[in-house]
Amino acid sequence: MSGETVPGRGELRASDKDREQVVELLRVAAGDGRLSADELNERLEVALTARTYGELDALLTDLPAAGAALARGVAANLPKELTRIAVGSASAQRDGAWVVPQRMQVECKSGSVLLDFTGAVITSPTLEIEASVGSGSVTLVVPPDVLVDVEDVAVGSGSVQNRTRVAPGTPVRLRIHVTGKIGPGTIIVR
């Protein structure tokens, strides 16, 4: 209708899902030591009662881990439930500020897959990865606060190497559970 202005993104109404996303980002920031317990409680109260994107965005502006989420808008940054990566003799990689889904299926016949979590936007406390590796390789690069469990991978003639350990007392921001099978290929966690 003529004469009416279209509201900006900050004025648009936020959904329950948008509020939940911001709550999770705030919890991650607190786990990283970026927010004190009092700051977290204050921001959680505002997040749970926020009506607009503007109110939610204001809670994230000083948090680097949420920068990528804010740049694309909170709703656009919701993680997928499932991401599939399939390579034959090619390579695929996820690095930088990619949004970690809840589950991943990785199929690597003779190529390579690199999943770098050091700059990833982590919005959930767990990630399930189902891997199928032929003669290729799958490499996970993780920061010190990410725990990776590869005990449930069936190995043919290949290998699984987990070169990481979470130091005692370190709060775990993400737990990755890898399952699946390997032929003559490798899964490396570093």
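Residues numbered from 1 in each chain as written. Predicted model: local features only at pLDDT ≥ 70, side-chain atom pairs only at ≥ 80, totals over all residues. Heavy atoms only, no water.

This brings us to a negative patch on the surface. Residues Asp-38, Glu-39, Glu-42 and Glu-45 make up a contiguous surface patch of negative charge. Summarising the element assignment, Glu-45 is placed in helix α2 (residues 37–49). Residue Glu-45 is classed as exposed on the basis of its relative accessible area, which comes to 57%. (Patch = residues over 30% accessible without salt bridge, like charges linked within 9 Å, V, L, I, M, F, W, Y side chains within 5 Å. Areas by Shrake-Rupley, 256 points an atom, 1.4 Å probe, with all protein chains shown as cover. Salt bridge = Lys/Arg side-chain N within 4 Å of Asp/Glu carboxyl O. Lys, Arg positive; Asp, Glu negative; His and termini not counted. Charge placed at Lys NZ, Arg CZ, Asp CG, Glu CD. Helix = DSSP H or I, 4+ residues; strand = E, 2+ residues; numbered from the N terminus. Buried < 20%, exposed > 50% of the residue type's maximum accessible area, 1.4 Å probe, protein only.)

Now for the nonpolar core. Counting 30 residues, the largest nonpolar core has Phe-117, Ile-129, Leu-140, Val-148, Ile-176 and Val-178 as its most contacted members. Within the residue set of this core, elements represented by two or more residues are β1 (82–87), β3 (103–108), β4 (112–116), β5 (126–133), β6 (137–141), β7 (146–155), β9 (174–182) and β10 (186–189). Of all hydrophobic cores here, the second largest spans 16 residues; its members include Val-22, Leu-26, Leu-35 and Leu-59. (Core = buried A, V, L, I, M, F, W, Y, C linked by side-chain atoms within 4.5 Å.)

Its 13 residues give α2 an end-to-end C-alpha distance of 19 Å, which sits within 8% of 18 Å, the value for a rise of 1.5 Å per residue. All buried positions along α2 are accounted for by Leu-40, Arg-43, Leu-44 and Ala-47. Viewed end-on, α2 has its buried residues packed into an arc of 110°, placing them on one side of the element. Of the exposed residues in α2, those oriented more than 90 degrees away from the buried face are Asp-38, Glu-42, Glu-45 and Thr-49. On its buried face, α2 is in contact with α1 (16–31) and α3 (53–58). (Expected span 1.5 Å × (residues − 1). Arc of directions from axis to C-beta. Contact = heavy atoms within 4.5 Å.)

A separate point is the environment of Thr-179. Topologically, Thr-179 is positioned in strand β9. Separated by 47 residues in sequence, Thr-179 and Ser-132 have C-alpha atoms that sit 8.7 Å apart. Ignoring anything within four residues of it in the chain, the contact list for Thr-179 reads Ile-129, Glu-130, Ala-131, Asp-152 and Val-153.

Okay, the packing of α1 against α2 next. The interhelical angle for the contact between α1 and α2, taken along N-to-C directions, is 170°, at an axis separation of 9 Å. Relative to α2, the element α1 is oriented roughly antiparallel. Residues Arg-19, Val-22, Val-23, Leu-26, Arg-27 and Ala-30 of α1 lie in contact with α2, whose contacting residues are Leu-40, Arg-43, Leu-44, Ala-47 and Leu-48. Looking at the contact of α1 with α2, its residues break down into eight nonpolar, no polar and three charged. (Axes fitted to C-alpha atoms, helices over the stretch in contact; angles between N-to-C directions. Parallel < 35°, antiparallel > 145°, perpendicular 65-115°, else oblique. Nonpolar A, V, L, I, M, F, W, Y, C, P; charged D, E, K, R; others polar.)

Along the chain, Asp-149 turns up in strand β7. Through-space distance from the C-alpha of Asp-149 to that of His-177 is 4.9 Å; in sequence the pair is 28 residues apart. Excluding anything up to four places from it in sequence, Asp-149 contacts Ile-176, His-177 and Val-178.

Moving on, we come to α1. Given a rise of 1.5 Å per residue, 16 residues ought to cover 22 Å, and the 23 Å separating the end C-alpha atoms of α1 matches this to within 8%. Among all positions of α1, only Asp-18, Arg-19, Gln-21, Val-22, Val-23, Glu-24, Leu-25, Leu-26, Val-28 and Ala-29 are buried. Positive backbone phi, approximately 85°, marks Gly-33, located one or two places after α1.

A word on the sheet that holds β5. Strand order in the open sheet made by the five strands is β1-β3-β5-β9-β7, with parallel pairing throughout. Strand pairing shows two members of the sheet lacking a second neighbour, β1 and β7, which therefore form its edges. Recorded for the sheet is a direction-independent mean angle of 15° between the axes of neighbouring strands. Pairing analysis gives six bridges linking β3 to β5, with the strands arranged parallel. In the sheet register, Met-104 faces β5, and the bridge partner there is Ile-129. (Pairing = 2+ DSSP bridges.)

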